[in-house]
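Next come the chains, spelled out residue by residue.
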Amino acid sequence: VRAARSAGSPRYSNLGYAVLGEVAAAAAGRPYRQLMSELVLAPLGMGGTGFAMDRAPGASTEPAVPSAASAPAVGHVRLLSSMGVALRLCPGGRFLGQRVGRLRRTRPREIVFSPHGGLVGPARDLAPFLSLHLGARERGGAEPILSDSSLRELRRPRPRRTGSPRPAMGDAVAAREAMGLGWVVDRLSAQGHDVEVCRHGGRGPGFTTEMMVVPQWGLAAATLTNVDGDARALCRGLLARGPESLQ
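Residues numbered from 1 in each chain as written. Predicted model: local features only at pLDDT ≥ 70, side-chain atom pairs only at ≥ 80, totals over all residues. Heavy atoms only, no water.

> Please clarify how the overall build of the protein should be interpreted in this entry.
Broken down by element type, the protein carries seven helices and eight strands. Relative to its full complement of 247 residues, the protein shows a buried share of 31%. In the protein, the proportion of contacts linking residues at least 24 apart, taken out of those at least 6 apart, comes to 51%. Of the roughly 14900 Å² that the protein leaves accessible, carbon and sulfur atoms contribute 56%. (Helix = DSSP H or I, 4+ residues; strand = E, 2+ residues; numbered from the N terminus. Buried < 20%, exposed > 50% of the residue type's maximum accessible area, 1.4 Å probe, protein only. Contact = heavy atoms within 4.5 Å. Areas by Shrake-Rupley, 256 points an atom, 1.4 Å probe, with all protein chains shown as cover.)

Take a look at the structure:
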């Protein structure tokens, strides 16, 4: 494959992840979801995580109020938020459910392009995934899924080329940050520390998420919210307490 033009500065792209997932599936000769289950989810013991919503065929798309701690979380959007306004403008009200005060519940949906999102699972399943990025071995003491050199390569910031345009408003990469492979490489200053932090988050109708890894501390954190809030600020605030108070 020949590049159409010389490579520019790295930029985050959901479409890029979708293409990369199709390339991986074609090379392996298996569907992307099956590939991820075999190579990542199963070895890490993430048995509660998958790409499909746990809903019986033909079941109502109107979200129910969870009756137990193990029930799937129901997403919510603020009526006057940018996400809430955008969803209200969608024809047929396909994304919105009942109103709850100043919030509206969101209806379950699946992401069409699995490589750039759509995993559904319990918060506890993120522990082994984040431990992997801190160099932990998979269950059973076998060889790690990623070698130390691979972990370093994922976290290595790709420099912005001279003369490249600065990220546009709303871009996942701010001007002071850099892109690794799948990670945004950032800095965290807290409690007298200034350390590198690698983060990746997501946002969809009714949900926001953020994961952060601080290799120097051997610590990681994740925040999952079922409202269109600021999961990144929550995650950063947790790590800002410093390693002494978190270990």
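> Would you mind going over the packing of aromatic side chains with me for this structure?
One pair of aromatic rings is described through two measures. These are the centre distance and the angle between the planes. Going through the model one piece at a time under the given rule, you end up with two aromatic pairs. On the basis of an interplanar angle of 40 degrees and a centroid distance of 5.4 Å, the ring pair of Tyr12 and Tyr17 is categorised as tilted. The exposure class assigned to Tyr12 is partly exposed, which follows from its relative accessible area of 24%. (Phe/Tyr/Trp six-rings, centres within 6.5 Å; stacked < 30°, edge-to-face > 60°.)

> Would you take a moment to explain the pairing of strand S8 (residues 219-225) for this structure?
Looking along a regular strand, one sees the side chains alternate between the two faces of the sheet. By the alternation rule, side chains of S8 split into Leu219, Ala221, Thr223 and Thr225, which are all buried, and Ala220, Ala222 and Leu224, of which none is buried. Bridge count between strand S7 (residues 207-214) and S8: seven bridges; the pairing is antiparallel. Its bridge partner lying in S8, Thr209 is registered against Leu224. Linking S7 to S8, which pair antiparallel, is a turn of four residues; within it Gly218 sits at a positive phi near 70 degrees. (Pairing = 2+ DSSP bridges.)

> Help me understand the pattern of salt bridges, please; the structure alone is not making it clear to me.
Pairing is possible between side chains that carry opposite charge, provided their charged atoms lie close to one another. Counted according to the given criterion, the structure contains nine salt bridges. As a salt-bridge pair, Glu210 and Arg199 come within 3.8 Å of each other at their nearest N and O atoms. One end of the pair, Glu210, is in strand S7; the other, Arg199, is in strand S6 (residues 193-204), with 11 residues separating them in the sequence. A relative accessible area of 2% places Glu210 in the buried class. Taking relative accessible area as the criterion, Arg199 reaches 2% and is therefore assigned buried. For Arg232, the salt bridge is made with Glu210, and the minimal N-O distance between the two is 3.6 Å. Of this pair, Arg232 sits in helix H6 (residues 231-239) while Glu210 sits in strand S7, placing them 22 residues apart in sequence. When salt bridges that share partners are traced, they join Asp186, Arg199, Glu210, Arg232 and Arg236 into one network. (Salt bridge = Lys/Arg side-chain N within 4 Å of Asp/Glu carboxyl O.)

> Would you mind going over H6 with me for this structure?
For the α-helix, the turn length of 3.6 residues means that residues three or four positions removed from each other point alike. For H6, the set of buried residues is Ala231, Cys235 and Leu239. Within H6, the buried residues cover an arc of 65 degrees as seen down the axis, which keeps them to one side. Residues of H6 that are buried make contact with strand S5 (184-190), S7, S8 and helix H7 (243-246). N-cap assignment for H6: the residue whose side-chain oxygen lies 3.3 Å from the backbone N of Arg232 is Asp230. (Arc of directions from axis to C-beta. Polar contact = N/O pair within 3.5 Å; in protein donor to acceptor, adjacent residues only side chain to side chain.)

> When you look at the pairing of S6 in this model, what are you seeing that I'm missing?
In the sheet, S5 pairs with S6 via seven bridges, with the strands oriented antiparallel. By the bridge assignment, Leu188 is partnered in S6 with Val195. Between S5 and S6, which pair antiparallel in sequence order, lie two residues; one of them, Gln191, sits at a positive phi of approximately 50 degrees. Two elements, S6 and S7, share seven bridges in a ladder whose sense is antiparallel. Bridge pairing links Cys198 to Val213 in S7. Taking the residues that link successive antiparallel strands as the turn, the S6-S7 hairpin has two residues, and the phi of Gly206 there is positive, at about 95 degrees.

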